[in-house]
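What follows is the residue order along each chain.
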Amino acid sequence: MNKIKVLIADDQSIIRDGLKLILDMEEDLTVVGAAANGNEALELTEKLKPDVILMDIRMPKCDGVIGTQKISEAYPDIKIIILTTFLEDDYIFEALKYGAKGYLLKDVESDKLAGSIRTVVNGGVLIDPAVAAKIVTGLGGNSKPKKIDDLTQRESEIVKLIAEGNTNKEIAKLLFISEGTVKNHVTNILSKLDLRDRTQIALYAKNHLN
């Protein structure tokens, strides 16, 4: 079994060590490296080619936002999850804009941490409803109204499933349709809601759907 390779970027050694200890206990995960800032994360990414990066926001020399931007531009297939607190919503928005696939709080339970890593590797996104409402209004960069009522019932179902972290493959299985059909629906959803990617769909859903 090929293990999911994880890189940790955090300026606090106790957090790096703690995360490594937790993740290395999982059979399908392995921590391949640890960085103290965004620049180091980029250098290690070049050498180690991780599948997922757990990226802290507040770090010296190069913070998690800039680190996310640099790594996403150079390695768009590598998934980045932001580690944050509720007080850093502006940073979260910027990191999501630059390609992060979600975020976790630093007090996340170990099983949820591992599950979240698996989710993003499989194409899902992670959006916590507690802060989604605060940052969704800044997404999109367009004044065009976004109307959830414009979606078909099937499209609305898919939006909810995306918000729950499901991948296209998982959605296809749940709705008994092909993965290609799911992709077509996602394309239509992005167009109708004037959004850029499935991360924004998840944010939008947390703020507009019950």
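For every chain, the first residue of the written sequence is number 1, and numbering continues from 1 along that sequence. Whole-chain, interface and lining totals are the exception, using all residues; otherwise, since this is a predicted model, local features are given only for residues with pLDDT of at least 70 and side-chain atom pairs are given and counted only at 80 or more. Derived side-chain values reflect all non-hydrogen atoms in the structure, with water molecules and hydrogen atoms excluded from consideration.

Looking at an unreviewed UniProt entry, one finds the protein named Stage 0 sporulation protein A homolog, with Clostridium neuense as its source organism. What UniProt records for the protein under Function (unreviewed entry) is the sentence "May play the central regulatory role in sporulation. It may be an element of the effector pathway responsible for the activation of sporulation genes in response to nutritional stress. Spo0A may act in concert with spo0H (a sigma factor) to control the expression of some genes that are critical to the sporulation process." UniProt positions are given in the numbering used here, feature names are shortened, and annotations may be inferred rather than shown by experiment.

Q: Any chance you could explain the overall build of the protein here in plain terms?
A: Secondary structure is summarised from DSSP: a helix means a run of H or I of at least four residues, a strand means a run of E of at least two, and numbering begins at the N terminus for each. Of the regular secondary structure elements, the protein holds 10 helices and 5 strands. Remark: exposure states derive from per-residue accessible area (1.4 Å probe, protein chains only) relative to the maximum for the residue type, with buried under 20%, exposed over 50%, and partly exposed in between. In the protein, which comprises 210 residues, the share counted as buried stands at 46%. Residue contacts are counted whenever heavy atoms from the two residues lie within 4.5 Å of one another. Counting contacts in the protein only where the partners sit at least 6 residues apart, residues at least 24 apart contribute 68% of the total. Surface summary for the protein: the accessible area is close to 10500 Å², and the carbon and sulfur share equals 49%. Here the Shrake-Rupley method, with its probe set to 1.4 Å, supplies the accessible areas, and only the displayed protein chains count as covering residues.

Q: Just to check I follow, could you spell out the sheet that holds strand S5 (residues 103-105) for this structure?
A: Hydrogen bonds between backbone atoms are what pair the strands of a sheet, whose relative direction is either parallel or antiparallel. Reading across the sheet, the 5 strands line up as S2-S1-S3-S4-S5 and stay open at both edges, with parallel pairing between neighbours. Two strands close off the open sheet at either side, each with one partner strand: strand S2 (29-35) and S5. Going across the sheet, the axis of each strand differs from the next one's by a mean of 25°, ignoring polarity. Across the sheet, helix H1 (residues 13-23) lies against strand S1 (4-9), S2, strand S3 (52-56) and strand S4 (79-84), angled at about 165° from S2, the strand it touches most. Any two strands are treated as partners once DSSP identifies two or more bridges connecting them. Between the N-to-C directions of two axes lies an angle of 0 to 180 degrees, each axis being a line fitted to C-alpha atoms and, for a helix, fitted only over the stretch in contact.

Q: Is there a simple way to explain the nonpolar core in this structure?
A: Residues Met55, Ile82, Ile162 and Ile201 are the most contacted members of the largest nonpolar core, which totals 42 residues. Excluding anything up to four places from it in sequence, isoleucine 82 contacts Met55, Ile57, Gly64, Thr68, Ala95, Ala100, Gly102, Tyr103 and Leu104. The set of buried Ala, Val, Leu, Ile, Met, Phe, Trp, Tyr and Cys residues whose side-chain atoms join them within 4.5 Å is what this entry labels a nonpolar core. Listed in part, the 17 residues of the second largest apolar core include Ile4, Leu54, Leu104 and Leu126.

Q: Would you take a moment to explain the environment of aspartate 197 for this structure?
A: Within the secondary structure, aspartate 197 sits in the loop between helix H9 (179-193) and helix H10 (198-208). Separated by 11 residues in sequence, aspartate 197 and valine 186 have C-alpha atoms that sit 8.8 Å apart. Among the polar contacts made by the side chain of aspartate 197, one reaches the side chain of arginine 196 at a distance of 3.4 Å. Polar contact is the term for a pair of N or O atoms within 3.5 Å; when the atoms are in protein, one must be able to donate a hydrogen and the other to accept it, and sequence-neighboring residues count only if both atoms are side-chain atoms.

Q: Looking at this model, I keep getting lost on the packing of helix H7 (residues 153-163) against helix H8 (residues 168-175). Mind explaining?
A: Working note: a packed helix pair is described by the angle between its axes plus the distance between those axes. Running from amino to carboxyl end, H7 crosses H8 at an angle of 130°, the nearest separation of the two axes being 10 Å. Classified by the angle between their axes, H7 and H8 sit oblique to one another. Remark: the crossing between H7 and H8 carries right-handed chirality. The segment H7 lies against H8, with Arg154, Glu157, Ile158, Leu161 and Ile162 engaging Ile171, Leu174 and Leu175. Residues were grouped as follows: Ala, Val, Leu, Ile, Met, Phe, Trp, Tyr, Cys and Pro as nonpolar; Asp, Glu, Lys and Arg as charged; and all remaining residues, including Gly, as polar. Residue classes in the contact of H7 with H8 are distributed as 6 nonpolar, no polar and 2 charged. Convention used here: angles under 35 degrees read as roughly parallel, angles over 145 as roughly antiparallel, angles from 65 to 115 as roughly perpendicular, and any remaining angle as oblique. In this scheme the handedness of a crossing depends on how the near helix is turned from the far one: anticlockwise by less than a right angle means left-handed, clockwise means right-handed.

Q: Before we go on, may I ask you to explain unusual backbone geometry in this structure?
A: Leaving glycine out, the prevailing phi sign among residues is negative, and the prevailing peptide bond configuration is trans. We note that lysine 49 has phi near 50°; this positive angle belongs to a residue other than glycine. Looking at where lysine 49 falls in the secondary structure, it is placed in the loop between helix H2 (38-48) and S3. Notably, aspartate 194 is not glycine yet its phi reads approximately 60°, a positive angle. The residue aspartate 194 is located in the loop between H9 and H10 in this model.

Q: What am I meant to see in the side chain of histidine 185 here?
A: Note that histidine 185 resides in helix H9. Exposure remark for histidine 185: the relative accessible area of 18% places this residue in the buried category. Not counting residues within four places of it along the chain, the set of residues in contact with histidine 185 comprises Arg154, Glu155, Ile158 and Ile177.

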